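Spelled out, the chains give:
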Amino acid sequence: MLTEQSITQFQASLRGKLIQAHDPDYDTCRKVYNGMFDKRPTIIVKCVDVADVIASVNFARENNILVAIKGGGHNAAGLGMCDEGLVIDLSPMKSVHVDMENEIALVEAGCTLGDMDHATHVFGMAVPIGIASTTGISGLTLGGGLGHLTRKCGLTIDNMIEADVVLADGSYVKASAKENKDLYWALRGGGGNFGVVTSFLFKLHPVDTVYAGPMLWELSEAKEIMKWYQHLITKAPKELNGFFAFLSVPPGPPFPEHLHLKKMCGIVWCYAGDLDRAEEVFRPIRNFKQPALDFVGPIPLPALQSMFDPILPTGMQWYWKADFVKELSDEAIDLHIQHALKMPTWQSTMHLYPINGAAAKVGKNETAWSYRDATWAMVMAGIDPDPANREAITQWTKDYWNDLHPYSAGAAYINFMMEEGDERIRATYGDNYEKLVEVKTKYDPQNLFRVNQNIQPVVTEDAVAV
Ligand SMILES: Cc1cc2nc3c(=O)[nH]c(=O)nc-3n(C[C@H](O)[C@H](O)[C@H](O)COP(=O)(O)OP(=O)(O)OC[C@H]3O[C@@H](n4cnc5c(N)ncnc54)[C@H](O)[C@@H]3O)c2cc1C
C-alpha cells in the first residue's frame, strides 16, 4: 500500500517532477499518442536524470506497484502508460551528444526522432530511424526501428552500439558487444522487457540531403504498380528505399485540389546515394507509369522524416495490425486492392516497409529481431480523430488483416502490434524466443517490466511475481 508519507519521501529524492491525480498537469502528462487509451496512473515521474530513473525503479519494486516506461508515448497499444501504477516518463531526458571524430551519437532516452535528427543533421549525419518525427527513439529502437534508411543502413538496432540500462534491482549497467552481451543482444528487438534504457550510443551515417518524397498513382493502376514495385524493390541498389502505401490524399495544400480525399496508391521514395545520380536512378521509375502526383526531389532528411507529422497529430484513434510479408502474390494483391477501396477514413492507410537490403545482411540470430528474411513489414492502420469512428476503423483493420494474414510470413513487427497475446509475441521472435526468456529471467526475474509486449520469465522459487 502506498502511503502519503512514502510518496512524499520518494518525491524528495527526485530532481524531476512527481505528478499525481490532483495535479493540474496530470491529464496532460497521462496522455499518449493513441487517443483510444485513457489510462490513469497513480504516479507519473518526469525523470530528469539516471538518478531519478533508479529511484523510480526502486520505489516501484519496493512498493509492489506496476511500472510503465514512457519514451515518446507513441506505442499504438498504449504501452507507454498504465492504470494505477507508476509511470517512468523519460521525456525530459533529451540530450544528444554528437562525436564527429568517432561518428557516433549518445542519445538520451526521452528524445523523439525529431530531437535526434535536429542534433545530428547539423553535422550532416543521421541515424536510420522511422518516418514520423514525433515517435520516441526509445520504443522505436528497442522494437527494431524501420524507416527511409533501412535498405541503406539497416534497422535502428543495427546501429545501436551501446545502451545504458537501469535494471529491475536498481543497478545501472552498460549493454554492448563487450559488456553484458546477452542483454545487448536482447535489447536489439526485445522491447522494454529488460530494464529502463536511459541512453543509446548510435553509429552515425553521412546522410544529409536525400532525393525523396511521395509519388501517387490511381487506385485502378494499383495491381500493375504493386507487381512492378515488388520486382523493383527486391533488386534495387540499397541506397534506394521506397515504402508502398494505400492512402487518401490529404484535403489541403500542397496537394492539388482535384486529388483531395481521393483514394490512391503510392510509394514514398528515399534515395540516399550520390545526388548527382538521382535523376538517372529515377528515370526508369518515372518512365514506368506517369504518376498523378510526383513530389520527389532533393530534400533535407529531417524534412522527409517529419513530412507526415501534420496529418498524424497526437490524440487520434488508432487501431493497427501487422504481419511480415515475403512476397506479394496476385491473389494477395487483389485482396489488398479490395480493402484499399474500403478505407473507412481518409487517414486510414496500409504500408509495406522494405526490410531487405542492409537489414537483411544481419543474421536472424545475431539480434533478437528475427524476421531478417522477410521482404516487408506490412501494417494496416485504421485512423480517425473521432472516437465515434472507433468501431469502423477497428473492423476495417481486422477484416483487412484477416484476409491478408494467410499470405504473410505468419508474425509481425513488434512495434506494429496492439496487445495481441502471447502466441503472436512468440511467433514474432521465432527461435530467438527461448533465449529472450533466459535473458528476461536473468535480468528481470519478477517481471517488474511487464507493460510491454511481454516476454515472461521462468518463475523460480526465489522469484515470486510482484
Ligand atoms: C505515427 C507513428 C509512426 C510510426 N512510424 C514508425 C516507423 O517509421 N518505424 C518504426 O519502426 N516504427 C514506427 N512506429 C511504431 C513505433 O516504433 C512504436 O509505436 C514505438 O513503441 C514507439 O516508441 P515510443 O518510445 O514513442 O513509445 P512508448 O509508448 O513511450 O513506449 C513503447 C514501449 O517501449 C517501452 N519503452 C519506452 N521507452 C523505454 C526505455 N527507455 N527503456 C525501456 N523500455 C522503454 C515501453 O515500456 C513500452 O512498452 C510508428 C508509430 C506511430 C504511432
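Whatever comes next refers back to the structure up there.
Anyway, here's the lowdown on the structure attached to this text. (Residues numbered from 1 in each chain as written. Predicted model: local features only at pLDDT ≥ 70, side-chain atom pairs only at ≥ 80, totals over all residues. Heavy atoms only, no water.)

**Section: the nonpolar core**
Defined as follows: What makes a nonpolar core is a set of buried Ala, Val, Leu, Ile, Met, Phe, Trp, Tyr and Cys residues whose side-chain atoms join them at distances within 4.5 Å. Only protein chains enter the accessibility calculation, which uses a 1.4 Å probe; a residue whose area is less than 20% of its type maximum is buried, one above 50% is exposed, and one in between is partly exposed. Should any heavy atoms of two residues lie within 4.5 Å, those residues are considered in contact.
Judged by nonpolar contacts, the single largest core of 104 residues is most densely connected at Phe10, Val53, Ile88, Leu183, Leu187 and Phe416. If near-sequence neighbours (up to four positions away) are discounted, Val53 is found in contact with Cys47, Ile88, Leu90, Met93, Val166, Val196 and Thr198. Of all hydrophobic cores here, the second largest spans 41 residues; its members include Ile233, Tyr271, Phe282 and Trp376.

**So, the sheet that holds strand S2 (residues 43–46)**
The criterion, for reference: Whether two strands pair comes down to DSSP finding at least two bridges between them. Numbering goes from the N terminus for both helices and strands, where a helix is a DSSP run of H or I of at least four residues and a strand is a run of E of at least two. Between N-to-C directions, angles cover 0 to 180 degrees, with each direction set by a line fitted to C-alpha atoms, over the stretch in contact for helices.
Strand order in the open sheet made by the four strands is S1-S2-S4-S3, with mixed pairing throughout. At either end of the open sheet lies a strand with only one pairing partner, and these are strand S1 (17–19) and strand S3 (67–70). Sheet twist, expressed as the average angle between the axes of neighbouring strands with direction ignored, equals 20 degrees. Bridge analysis of S1 against S2 gives three bridges, and the strand direction is antiparallel. Across the sheet, residue Leu18 finds its bridge partner in S2, namely Val45. Along the sheet, helix H3 (residues 50–62) contacts S2, S3 and strand S4 (86–89); its crossing angle with S4, the most-contacted strand, is approximately 165 degrees.

**A closer look at the pairing of strand S15 (residues 317–325)**
Of all nine residues making up S15, nine are buried, and the element is well covered by its neighbours. On S15, burial covers both faces: Gln317, Tyr319, Lys321, Asp323 and Val325 on one face and Trp318, Trp320, Ala322 and Phe324 on the other are all buried.

**Brief notes about unusual backbone geometry**
In this model, Pro253 is joined to Pro254 through a cis peptide bond whose omega is 10 degrees. Positionally, Pro254 belongs in the loop between strand S11 (240–248) and strand S12 (263–271). Notably, Glu84 is not glycine yet its phi reads approximately 75 degrees, a positive angle. The topology assignment puts Glu84 in the loop between S3 and S4. Judged by its relative accessible area of 61%, Glu84 falls in the exposed class. The residue Leu261 is not glycine, and still its phi comes out positive at about 65 degrees.

**Focus on the side chain of Arg30**
We count it as follows: Residues adjacent in sequence count toward polar contacts only when both atoms are side-chain atoms; beyond that, a polar contact is any pair of N or O atoms within 3.5 Å, and within protein one must be able to donate a hydrogen and the other to accept it.
As for its placement among the helices and strands, Arg30 is situated in the loop between helix H2 (26–29) and S2. On the basis of relative accessible area, Arg30 is assigned to the buried category, the value being 10%. Here Lys39 takes part through its backbone oxygen, which lies 3.0 Å from a polar atom of the side chain of Arg30. Dropping the residues within four chain positions of it, Arg30 is found in contact with Asp38, Lys39, Arg40, Pro41, Ile44 and Met81.

**Concerning the pattern of salt bridges**
One side chain can pair with another of opposite charge once the charged atoms of both are near each other. Note the cut-off: A pair is scored as a salt bridge if a Lys or Arg side-chain nitrogen falls within 4 Å of a carboxyl oxygen belonging to Asp or Glu.
Scanning all chains against the criterion turns up 26 salt bridges. Between Lys94 and Asp115 there is a salt bridge, and its shortest N-O distance comes to 2.8 Å. One end of the pair, Lys94, is in the loop between S4 and strand S5 (96–99); the other, Asp115, is in helix H4 (residues 113–121), and 21 residues separate them in sequence. Judged by relative accessible area, which is 24%, Asp115 ranks as partly exposed. Close ionic contact of Lys442 with Asp182 constitutes a salt bridge, the shortest N to O distance being 2.7 Å. On the criterion of sequence distance, the pair formed by Lys442 in helix H14 (residues 433–443) and Asp182 in helix H7 (residues 181–187) is long-range, its members being 260 residues apart. Residue Asp182 is classed as partly exposed on the basis of its relative accessible area of 21%.

**Side note on the packing of helix H13 (residues 422–429) against H14**
Here is the rule: Small angles under 35 degrees read as roughly parallel and large ones over 145 as roughly antiparallel, with 65 to 115 read as roughly perpendicular and the rest as oblique. Residues are grouped as follows: nonpolar covers Ala, Val, Leu, Ile, Met, Phe, Trp, Tyr, Cys and Pro; charged covers Asp, Glu, Lys and Arg; every other residue, Gly included, is treated as polar.
Where H13 contacts H14, the axes come no closer than 8 Å and their chain directions differ by 110 degrees. Between H13 and H14, the crossing angle belongs to the class labelled roughly perpendicular. Residue-level contacts link Asp422, Ile425, Arg426 and Tyr429 of H13 to Tyr433, Glu434 and Leu436 of H14. Looking at side-chain class alone, the contact of H13 with H14 contains four nonpolar, no polar and three charged residues.

**Here's the deal with the environment of Leu335**
Following the sequence through the fold, Leu335 ends up in helix H11 (residues 330–340). Given a relative accessible area of 16%, Leu335 falls into the buried group. Filtering out sequence-adjacent residues up to four positions away, Leu335 remains in contact with Asp403, Leu404 and Tyr407.

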